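Residue-level listing of the chains:
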Amino acid sequence: MPANEDKPLVTFWGTRGSVPTPGRITEKYGGNTPCVAVRYQDIHIILDAGTGIRNLGIDLVEEYNKVRKALSLHLFFSHTHWDHIQGLPFFQPAYIKDTNLTIYGSPHKEDFLASILKGQMDFEYFPVGMSAFSADITIHEISEEVIQLGEVVIDRQEQIYHPGGSVRYRLGVDGKKIVYATDVELNQIFHPHTDTKKNKILAQDYLDFIYNADLLIADGQYTEEEYPSKVGWGHSSIDLLLEIAYQAQVKQLAIFHHDPQHSDKFLDELWMKSRSEFHSDYKKMDVFWAREGLTLAI
Ligand SMILES: [Zn+2]
Ligand SMILES: [Zn+2]
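Before going into details, it helps to say that this report is about the structure given with it.

## Focus: the overall build of the protein
When its secondary structure is counted, the protein shows 7 helices and 14 strands. Radius of gyration (C-alpha) of the protein: 19 Å, near the 19 Å computed for a compact globule of 298 residues. Projected onto its principal axes, the C-alpha coordinates of the protein cover approximately 50 × 45 × 40 Å. Of all 298 residues assigned to the protein, the portion counted as buried reaches 53%. On the protein, roughly 14,000 Å² of surface is accessible, and the fraction owed to carbon and sulfur atoms is 52%. Of the charged side chains in the protein, 28 are positive and 42 negative, and the gap between their average positions amounts to 3 Å.

## Examining the coordination of the zinc ion (ligand 2)
The protein atoms donating to the zinc ion (ligand 2) are His79 (NE2), His81 (ND1), His162 (NE2) and Asp183 (OD), with metal-donor distances spanning 2.1 to 2.5 Å. Coordination at the zinc ion (ligand 2) comes from 4 donor atoms whose angles at the metal span 90 to 175°, giving a geometry best classed as irregular. Mapping the donors of the zinc ion (ligand 2) onto the primary sequence gives the spacing H-x1-H-x80-H-x20-D. Between the two metal centres, the zinc ion (ligand 2) and the zinc ion (ligand 1), the spacing is 3.5 Å, with Asp183 acting as a shared donor. Of this pair, His81 sits in the loop between β4 (72-76) and α2 (82-85) while His162 sits in the loop between β8 (152-159) and β9 (166-173), and the two are 81 residues apart along the sequence.

## Description of the sheet that holds β4
The 7 strands are arranged β6-β5-β4-β3-β2-β1-β14 in an open sheet whose pairing can be described as mixed. In this open sheet, the two edge strands, each paired with only one partner strand, are β6 (136-141) and β14 (295-297). Across the sheet, the axes of successive neighbouring strands diverge by a mean angle of 20°, strand direction being ignored. The sheet strands contacting helix α3 (residues 112-119) are β5 (100-105) and β6, and the helix crosses β6 at an angle near 135°.

## Some remarks on the environment of Gln159
Summarising the element assignment, Gln159 is placed in strand β8. A relative accessible area of 2% places Gln159 in the buried class. Here the alpha-carbon distance between Gln159 and Glu185, two residues 26 residues apart in the chain, equals 8.8 Å. Sequence-distant contacts of Gln159, that is, excluding residues within four places in its chain, are made with Gly165, Ser166, Val167, Arg168, Ala181, Thr182, Asp183 and Val184. There is a polar contact of 3.1 Å between the side chain of Gln159 and the side chain of Arg168.

## Remarks on the pairing of strand β10 (residues 176-181)
For β9 and β10, the ladder comprises 5 bridges, and the chain directions are antiparallel. Across the sheet, residue Gly172 finds its bridge partner in β10, namely Lys177. Pairing between β10 and strand β11 (residues 215-219): 4 bridges, direction parallel. Residue Val179 lies in a different strand from β11, and its bridge partner there is Leu216.

## Let's talk about the coordination of the zinc ion (ligand 1)
Each donor-metal-donor angle in an ideal tetrahedron of four donors is 109.5 degrees, and each such angle in an ideal octahedron of six donors is either 90 or 180 degrees. Taken together, the protein donors to the zinc ion (ligand 1) comprise Asp83 (OD), His84 (NE2), Asp183 (OD) and His257 (NE2), at separations of 2.1 to 2.3 Å. In this structure, the zinc ion (ligand 1) is surrounded by 4 donor atoms whose angles at the metal cover 92 to 164°, and the resulting shape is irregular. Of note, the zinc ion (ligand 1) draws all its donor residues from one chain, in the sequence arrangement D-H-x98-D-x73-H. A residue is classified by how much of its surface remains accessible, and His84, at 0% relative accessible area, is buried.

## Some thoughts on the packing of aromatic side chains
Enumeration over the complete set of coordinates arrives at 8 aromatic pairs. Ring centres of Phe12 and Phe256 lie 6.3 Å apart, and the angle between their planes is 45°; on these two criteria the pair is classed as tilted. Taken together, the residues Phe12 in strand β1 (residues 9-14) and Phe256 in strand β12 (residues 252-256) connect sequence positions 244 residues apart. As far as the burial class goes, Phe12 and Phe256 line up, both buried. Geometrically, the ring pair formed by Tyr180 and Phe256 is edge-to-face, given 5.6 Å between the ring centres and 70° between the ring planes.

## Notes on the nonpolar core
With 31 residues, the main nonpolar core has Phe190, Tyr206, Leu216, Val250 and Leu253 as its most contacted residues. Mapped by element, the contributors of at least two residues to this core are β10, α4 (186-190), α5 (197-210), β11, α6 (238-247), β12, α7 (264-282) and β13 (286-289). Leaving out residues up to four positions away in the same chain, Phe190 has contacts with Ala203, Tyr206, Leu207, Leu240 and Ile244.

## Some remarks on the side chain of His258
The residue His258 is located in the loop between β12 and α7 in this model. A polar contact is formed between the side chain of His258 and the backbone oxygen of Ala290, at a distance of 2.7 Å.

## Some details on the pattern of salt bridges
Counting across every chain of the model gives 5 salt bridges. Among the ionic pairs, Arg39 bridges to Glu63, the shortest N-O distance being 2.8 Å. Of this pair, Arg39 sits in strand β2 (residues 35-40) while Glu63 sits in helix α1 (residues 52-67), and the two are 24 residues apart along the sequence. You can call Arg39 partly exposed: its relative accessible area is 29%. With its nearest N and O atoms 3.4 Å apart, the salt bridge here joins Lys265 to Glu269. Of this pair, Lys265 and Glu269 both sit in helix α7, 4 residues apart, roughly one helical turn.

Cut-offs used in this document
Residues numbered from 1 in each chain as written. Chains lettered and ligands numbered in written order. Predicted model: local features only at pLDDT ≥ 70, side-chain atom pairs only at ≥ 80, totals over all residues. Heavy atoms only, no water. Helix = DSSP H or I, 4+ residues; strand = E, 2+ residues; numbered from the N terminus. Rg over C-alpha atoms; globule rule 2.2 N^0.38 Å. Buried < 20%, exposed > 50% of the residue type's maximum accessible area, 1.4 Å probe, protein only. Areas by Shrake-Rupley, 256 points an atom, 1.4 Å probe, with all protein chains shown as cover. Lys, Arg positive; Asp, Glu negative; His and termini not counted. Charge placed at Lys NZ, Arg CZ, Asp CG, Glu CD. Donors = N, O, S within 2.8 Å, 3.2 Å for Na, K, Ca; no water. Tetrahedral: all angles 85-135°; square planar, octahedral: opposite > 155°, others 65-115°. Pairing = 2+ DSSP bridges. Axes fitted to C-alpha atoms, helices over the stretch in contact; angles between N-to-C directions. Contact = heavy atoms within 4.5 Å. Polar contact = N/O pair within 3.5 Å; in protein donor to acceptor, adjacent residues only side chain to side chain. Phe/Tyr/Trp six-rings, centres within 6.5 Å; stacked < 30°, edge-to-face > 60°. Core = buried A, V, L, I, M, F, W, Y, C linked by side-chain atoms within 4.5 Å. Salt bridge = Lys/Arg side-chain N within 4 Å of Asp/Glu carboxyl O.

As structure tokens, then:
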């Protein structure tokens, strides 16, 4: 058995923010919108259902056809912006009767998640309704402090600095911590115009939540030059993210939710730049730009 098989495996199926960006200039980092799978033993966790979930679905169905074991899947939504939900109607396992799919989201808006997911499959937008899903689907607005799935423990925090809000998740598994914290404007918390008491609390909450994470998957949509014209759009700048993640002693940082304008060449150059500028300061933290198709054993 390969050594990695007993470790949690994290696969990036979609890393692009805001809108899919197919084409040659984005083929390395990928054009699909957010979807990350975490697999540990027979636990399948999916973070967001951007267009990347379509390829994950194909992969899961292939496996199902081979082993004929019903799929049991747990899908957690950070929020319901288009780029995080638009792949769900194309998720093949949802059309298989044997599949058990539990969908999780923030408890703060009663029945909101169900109505948004159904709404995107209304006939004005999509040819078949959500009732075409033959899988056994449960929509669960999380009210528990933690969710335990086998040996995986999941907790969460609300993120207010994103239009409409979003949720970050932390998975504790096999003594490791994996944090998924996308779609949040950290610049509003850590470098606000006014240094309020509220921001101090939010900053400490964020630092505590990501502290010592083995892998932090985090929103780094903008460069320092781009950020000033995008204030209030709900995304973070890369340099700030590096600084905060380093401060929280994160071990591995996956910069995520790439701007649609950022080509592979541009992202490669950013990586080179951050390596040369931060190498001495950040050498203990492994930093990379999340790439579609990449699997990491944590
Ligand atoms: Zn997004
Ligand atoms: Zn969003």
